[in-house]
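Spelled out, the chains give:
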Amino acid sequence: MLLRHSFYYLLARGLPGVLSFASLVLFTRMLTTEEFGRYAVVLAGAGLVHVMIFQWLQLVLGRFLPERHDTPRVVLEPVLALFLLLAGAVGGLGLLIAFVWPNPQWQALITIAVALTVAQAWLQIDLTLASTQLAPARYGYLLGSRSLLALLLGGGLAWLGLGAQAPLIGLLIGTVLAWLLFGLRAWRGIRPRWPSSEVLRDYSAYGLPLAITFALGWVIDSSDRILLAWLMSEAAAGAYAAGYDLAQQSIGLVLVVINTAAYPLVMRQLAEKGEKAACAQLQHNGELIITLALVGAAGLIALAPAIAGSVFGQAFRDDVIIVLPWIAAAAAVAGIKAFHLDIAFQLARQTRWQVYTSLVAAIANILLNVLLIPTHGILGAAWATLIAFALAAVVSALLGRRAFPVPALLPLLRRGLSVAGLAYFGAWTVTQIELAPPLALLLGTAAGGMLALSGALLLDVAGIRRAILARARALFGAV
């Protein structure tokens, strides 16, 4: 079931992933490094507000709706009421900040950011609802239409010369239209209803520690862009963000796809069959998540020069080659932590422990950035991010075993590293031949992918060999 659902969500997120990649290619050519830096800083700030204020509602929805799937209104109506309250507070405070901000250029950017934060938070709740209800088609329509509209509108506005505002306005309009087209129907008949004190206490106890956790995760994941803009320049932040976004949009996309399919399955096993079944499902999920994270990082590290020469505008390429290997490793570690190690706390409803895992890393990240950026620039920011995520993953692994009987990590890592080593060797071998960057990227990806698939089949990662053989027997029997 995991592989089948993952395939459905790969289709659902495949088009948005391609479009996000196209946006990165387009905007690093149409915007200057300074404009791209301002765009990146706005998205980072909007992300902070989202994880601090809104993301806990997504997690509440994903955690409690499976238990009430026969009566979803009981969960949806309180979530809607809480969202409307928070959206009003964020909107009012954000517009006030925009009004008193001394820089007119940033006044406009902050105003757009406020609306974008609220719109994207609501769309994320709708995406969580679709995945929890095991509706990959609706999930895909929401994401696909948002990404396509954002690319078309943002590209058109950038062509008209709106600079950093162009992709932000495109993303805002695309988000709103996507929900009106494909998300509105799921909320028909749902009216906001304030939760009882007992329900609010349960939701808060589960979700609010995660809000703190994700805010700390934002410090690790995105604060480097703001610190680069402050300690160096907006151009440095833009160059760094371009490389970082590529790693996140490749490794991150794959892992989000898998987790979108995997998390509801493990929650369903816990609700219906208990701890032992959930642990078995978690091991199955973990094999796939860890292997794909490490394979993705290996490919990006091996192909960094080819990627930079094929994807980015000339002004971004040298910096991307410098930071991409380190950011790829950081993205893999972050994905393993978020989508495998941290699940233990959510299964045990002991999400407060995630605060400790992230607090250590957030403090380390800020200190390392302040220490390393002035002397090593964007490379120092990349080092700080990798070290911070590694610290968070170690703490999460140690504490997670106390919260829930999670499967042993080392066997999963050994399998993942074995497959990743094959992927790196295949991609690296191609780079030793003098080829144009696009051709090197294409052939390197193919070679690394083929060796990785062979290794996964040999080791039967996540039961892939058994699934293929079972499908073959079913087809043969049908014939």
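Since the structure is predicted, the reported quantities are computational estimates derived from the model, not experimental observations. (Residues numbered from 1 in each chain as written. Predicted model: local features only at pLDDT ≥ 70, side-chain atom pairs only at ≥ 80, totals over all residues. Heavy atoms only, no water.)

**Observations regarding the overall build of the chain**
This is how it is decided: A run of DSSP states H or I qualifies as a helix once it reaches four residues; a run of E qualifies as a strand once it reaches two. Both are numbered from the N-terminal end. Restricting the calculation to C-alpha atoms gives the radius of gyration, and the globule rule supplies 2.2 Å times the number of residues raised to the power 0.38. In this scheme, a residue with accessible area under 20% of its type's maximum is buried, one over 50% is exposed, and one in between is partly exposed, where area comes from a 1.4 Å probe on protein chains only. The contact rule is simple, with two residues in contact once any of their heavy atoms fall within 4.5 Å. For every accessible area listed, the method is Shrake-Rupley and the probe measures 1.4 Å; residues are considered covered only by the protein chains on display.
Broken down by element type, the chain carries 16 helices and zero strands. For a compact globule of 479 residues, the expected C-alpha radius of gyration is about 23 Å, and the chain comes in at 22 Å, within 12% of that figure. Overall size of the chain, expressed as C-alpha extent along the three principal axes, is 65 × 65 × 45 Å. Burial statistics for the chain: of 479 residues in total, 53% are counted as buried. Considering only contacts within the chain whose residues lie at least 6 apart along the sequence, 81% involve residues at least 24 apart. Only carbon and sulfur atoms are counted for the fraction: they give 69% of the accessible area of the chain, which is about 20,800 Å².

**Section: the nonpolar core**
Within soluble globular proteins, side chains that are nonpolar generally end up buried alongside one another. Definition in use: Only buried Ala, Val, Leu, Ile, Met, Phe, Trp, Tyr and Cys residues count toward a nonpolar core, and they belong to the same one when joined by side-chain atoms within 4.5 Å.
Counting 92 residues, the largest nonpolar core has Phe-36, Tyr-240, Ile-307 and Phe-312 as the members making the most contacts within it. The element contributing the most residues to this core is helix H11 (residues 314-341), with 13 residues. Within the second largest apolar cluster, 46 residues are counted, among which are Val-118, Ala-121, Trp-187 and Ala-344.

**As for the packing of aromatic side chains**
To keep things clear, this is the line we draw: For this analysis, a ring pair means two rings from Phe, Tyr or Trp (six-membered ring only for Trp) whose centres lie within 6.5 Å, classed as stacked if their planes differ by under 30 degrees, edge-to-face if by over 60, and tilted for the remaining angles.
The final tally for this structure, using the stated rule, is 13 aromatic pairs. Judged by centre distance (5.5 Å) and plane angle (70 degrees), the rings of Phe-36 and Tyr-39 are edge-to-face. Highlighted residues: Phe-36 and Tyr-39, both in helix H2 (residues 33-64), separated by three residues, approximately one helical turn. Given the relative accessible area of 1%, Phe-36 is considered buried. By relative accessible area, which is 13% here, Tyr-39 ends up buried. Judged by centre distance (5.5 Å) and plane angle (55 degrees), the ring pair of Trp-353 and Tyr-356 falls under tilted. Taken as a pair, Trp-353 and Tyr-356 lie in helix H13 (residues 352-403) at a separation of three residues, close to a single helical turn. For Trp-353, a relative accessible area of 29% translates into the label partly exposed. Taken together through their ring pairs, the aromatic side chains of Phe-54, Phe-83, Trp-122, Trp-179 and Trp-187 make up a single cluster.

**A look at unusual backbone geometry**
A positive phi angle, near 55 degrees, is found at Asp-460, a position not held by glycine. Within the element layout of this structure, Asp-460 appears in the loop between helix H15 (437-459) and helix H16 (464-478). Accessibility expressed as a relative area gives 9% for Asp-460, which makes it buried.

**What to know about the pattern of salt bridges**
Just so we agree on the cut-off: Basic side-chain nitrogens of Lys or Arg form a salt bridge, by our definition, when they fall within 4 Å of a carboxyl oxygen of Asp or Glu.
Taken as a whole and assessed by the stated rule, the structure comprises seven salt bridges. In this structure, a network of salt bridges that share partners links the residues Arg-73, Glu-77 and Arg-193.

**A closer look at the packing of helix H14 (residues 409-431) against H15**
Describing two packed helices takes the angle between their axes plus the distance from one axis to the other. Definition in use: Think of each axis as a best-fit line through the C-alpha atoms, taken over the contacting stretch in the case of a helix, with angles from 0 to 180 degrees between the N-to-C directions. Angles below 35 degrees are treated as roughly parallel, those above 145 as roughly antiparallel, those between 65 and 115 as roughly perpendicular, and all remaining angles as oblique. Left-handed describes a crossing in which the near helix is turned anticlockwise from the far one by less than a right angle; the clockwise case is right-handed. Just so you know the grouping, Ala, Val, Leu, Ile, Met, Phe, Trp, Tyr, Cys and Pro go in nonpolar, Asp, Glu, Lys and Arg go in charged, and all remaining residues, Gly too, go in polar.
The interhelical angle for the contact between H14 and H15, taken along N-to-C directions, is 150 degrees, at an axis separation of 7 Å. When the interaxial angle is binned, H14 and H15 end up roughly antiparallel. When you trace H14 past H15, the crossing you get is right-handed. Judged by residue contacts, Arg-415, Ser-418, Val-419, Leu-422, Ala-423, Phe-425, Gly-426, Ala-427 and Val-430 of H14 engage Ala-440, Leu-443, Gly-444, Ala-447, Gly-448, Leu-451, Ala-452, Gly-455, Ala-456 and Leu-459 from H15. Considered class by class, the residues forming the contact of H14 with H15 number 13 nonpolar, five polar and one charged.

**A look at H15**
So the rule is basically this: Helices are assigned an expected span. That span is 1.5 Å times one less than the residue count.
Taking 1.5 Å per residue, 23 residues should reach 33 Å; H15 reaches 32 Å between its end C-alpha atoms and fits that length. Among the residues of H15, Ala-440, Gly-444, Gly-448, Ala-452, Gly-455 and Ala-456 are the ones counted as buried. Note on H15: the residue one or two positions beyond its end, Asp-460, has a positive phi of about 55 degrees.

**Focus: the environment of Ile-212**
By secondary structure assignment, the location of Ile-212 is in helix H7 (residues 197-231). Classification of Ile-212 by relative accessible area gives partly exposed; the value is 47%. Between the C-alpha atoms of Ile-212 and Tyr-356, which are 144 residues apart in sequence, the distance is 9.8 Å.

**Section: the side chain of Arg-146**
The criterion, for reference: Here Asp and Glu are counted as negative and Lys and Arg as positive; His is not counted, and neither are the chain ends.
Relative to the helices and strands, Arg-146 resides in helix H5 (residues 136-159). Here Arg-146 sits buried without a salt bridge, and the closest side chain of opposite charge, Asp-126, lies 11 Å off (N-O distance). In contact with Arg-146, not counting residues within four places along its chain, are Gln-120, Leu-123, Leu-171, Gly-174, Thr-175 and Ala-178.

**A short note on the environment of Leu-246**
Relative to the elements of secondary structure, Leu-246 occurs in helix H8 (residues 234-273). What Leu-246 contacts, discounting residues up to four positions off in sequence, is Phe-21, Leu-24, Ile-307, Phe-312 and Leu-324.

**Section: the environment of Asn-259**
Looking at the secondary structure, you find Asn-259 in helix H8. For Asn-259, a relative accessible area of 15% corresponds to the buried category. The spatial distance from the C-alpha of Asn-259 to the C-alpha of His-340 is 8.6 Å, given a sequence separation of 81 residues. In contact with Asn-259, not counting residues within four places along its chain, are Pro-264, Phe-339 and Ile-343.

**Some thoughts on a nonpolar patch on the surface**
What counts, and what does not: To count toward a patch, a residue needs a relative accessible area above 30% and no salt bridge. Like charges then connect within 9 Å, nonpolar side chains (Val, Leu, Ile, Met, Phe, Trp, Tyr) within 5 Å.
Together, Tyr-141, Leu-153, Ile-173, Val-176, Leu-177, Leu-180, Leu-181, Phe-182 and Leu-184 make up an exposed nonpolar region whose accessible area comes to about 750 Å². Elements that contribute at least two residues to the nonpolar patch include exactly H5 and helix H6 (165-182). Among the secondary structure elements, Leu-184 is positioned in the loop between H6 and H7. We classify Leu-184 as partly exposed; its relative accessible area is 35%.

**Regarding the packing of H2 against H6**
Across the interface, H2 lies against H6 with an axial gap of 8 Å and an inter-helix angle of 40 degrees. If you check the angle between H2 and H6, you find them oblique. Judged by residue contacts, Tyr-39, Val-42 and Leu-43 of H2 engage Pro-167, Leu-168 and Leu-171 from H6. Here the contact of H2 with H6 is composed, by residue class, of six nonpolar, no polar and no charged.

**Observations regarding H14**
An ideal rise of 1.5 Å per residue puts 33 Å on 23 residues; H14 measures up with 32 Å between its terminal C-alpha atoms. Buried within H14 we find Leu-412, Gly-416, Val-419, Ala-420, Ala-423, Gly-426, Ala-427 and Val-430.

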